[in-house]
Amino acid sequence: MKVNTQSVNFSADQKLIDFIQKRMDKLDMFYDKIIQSDIYLKVENTRDKENKIFEAKVSVPGDSFVVKKQCKTFEEGADSAIASLERQIKKRKEKLRAHS
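The shown structure was predicted, so the numbers you read here are calculated from the model rather than taken from an experiment.

A. Structural detail: helix α3 (residues 74-99). Taking 1.5 Å per residue as the helical rise, α3 with its 26 residues ought to reach 38 Å, and the 37 Å between its terminal C-alpha atoms agrees with that figure. Residues of α3 that are buried include every one of F74, G77, A78, A81, I82, S84, L85, I89 and R92, and no others. Looking at the buried side of α3, the elements it contacts are α1 (14-25), α2 (27-30), β2 (36-43), β3 (52-60) and β4 (63-71).

B. Broad picture of the packing of α1 against α3. Relative to each other, α1 and α3 sit at 15°, their axes nearing to 10 Å. Judged by the inter-axis angle, α1 sits roughly parallel to α3. Two packed elements cross with a definite hand, and for α1 against α3 that hand is right-handed. Contacts from L16, F19, I20, R23 and M24 of α1 reach α3 at F74, E75, A78, D79, I82 and L85. When grouped by side-chain class, the residues that make up the contact of α1 with α3 number eight nonpolar, no polar and three charged.

C. Summary view of the pattern of salt bridges. For the coordinates displayed, the defined rule picks out four salt bridges. For the salt bridge of D79 with R23, the shortest nitrogen-to-oxygen distance reads 3.0 Å. Placement of D79 in helix α3 and of R23 in helix α1 is noted, with a sequence separation of 56 residues between them. Owing to a relative accessible area of 33%, D79 belongs among the partly exposed residues under this scheme. Across the salt bridge formed by D32 and K33, the nearest N and O atoms sit 4.0 Å from each other.

The rules behind each value
- Residue numbering note: each chain is counted from 1, following its sequence as written.
- Per-residue local features of the predicted model are confined to residues with pLDDT of at least 70, and side-chain atom pairs are confined, for both listing and counting, to 80 or more; whole-chain, interface and lining totals are unaffected and use all residues.
- Derived side-chain values reflect all non-hydrogen atoms in the structure, with water molecules and hydrogen atoms excluded from consideration.
- Numbering of helices and strands starts at the N terminus; helices are DSSP runs of H or I of at least 4 residues and strands are runs of E of at least 2.
- Multiplying one less than the number of residues by 1.5 Å gives the expected span of a helix.
- Relative accessible area decides the class of each residue, using a 1.4 Å probe on protein chains only: under 20% of the type maximum gives buried, over 50% gives exposed, and in between gives partly exposed.
- Any two residues whose heavy atoms approach within 4.5 Å are treated as being in contact.
- Throughout, an axis means a line fitted to C-alpha atoms (over the contacting stretch in the case of helices), and angles, computed between N-to-C directions, take values from 0 to 180 degrees.
- Angles below 35 degrees are treated as roughly parallel, those above 145 as roughly antiparallel, those between 65 and 115 as roughly perpendicular, and all remaining angles as oblique.
- By the definition used in this description, the sense in which the near helix is turned from the far one sets the handedness, with an anticlockwise turn below a right angle giving left-handed and a clockwise turn giving right-handed.
- Any residue outside Ala, Val, Leu, Ile, Met, Phe, Trp, Tyr, Cys, Pro, Asp, Glu, Lys and Arg is labelled polar, Gly included; the first ten of those are nonpolar and the last four are charged.
- What makes a salt bridge here is a side-chain nitrogen of Lys or Arg within 4 Å of a carboxyl oxygen of Asp or Glu, nothing more.

Quick look at the structure:
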């Protein structure tokens, strides 16, 4: 799956990008018709420890899923966002099966 990762106002290191790619590739196991996914990594200028925003947009035929998580680290955000995407994708797949 093609994962477009964009980091806003900072440059993400290759380890983080590889980590996200590996996690996103697991979504292919649940639904093989994923067209592409866009990942936005942002750091908020706040005193709050949870200032990392991980936003994922996954495009599938006829629909797209958007998940936004704010955590202490991008890895933590990626894990919880991708877990959420997994649930949404499974739900969509079950709906499609029910209609066919």
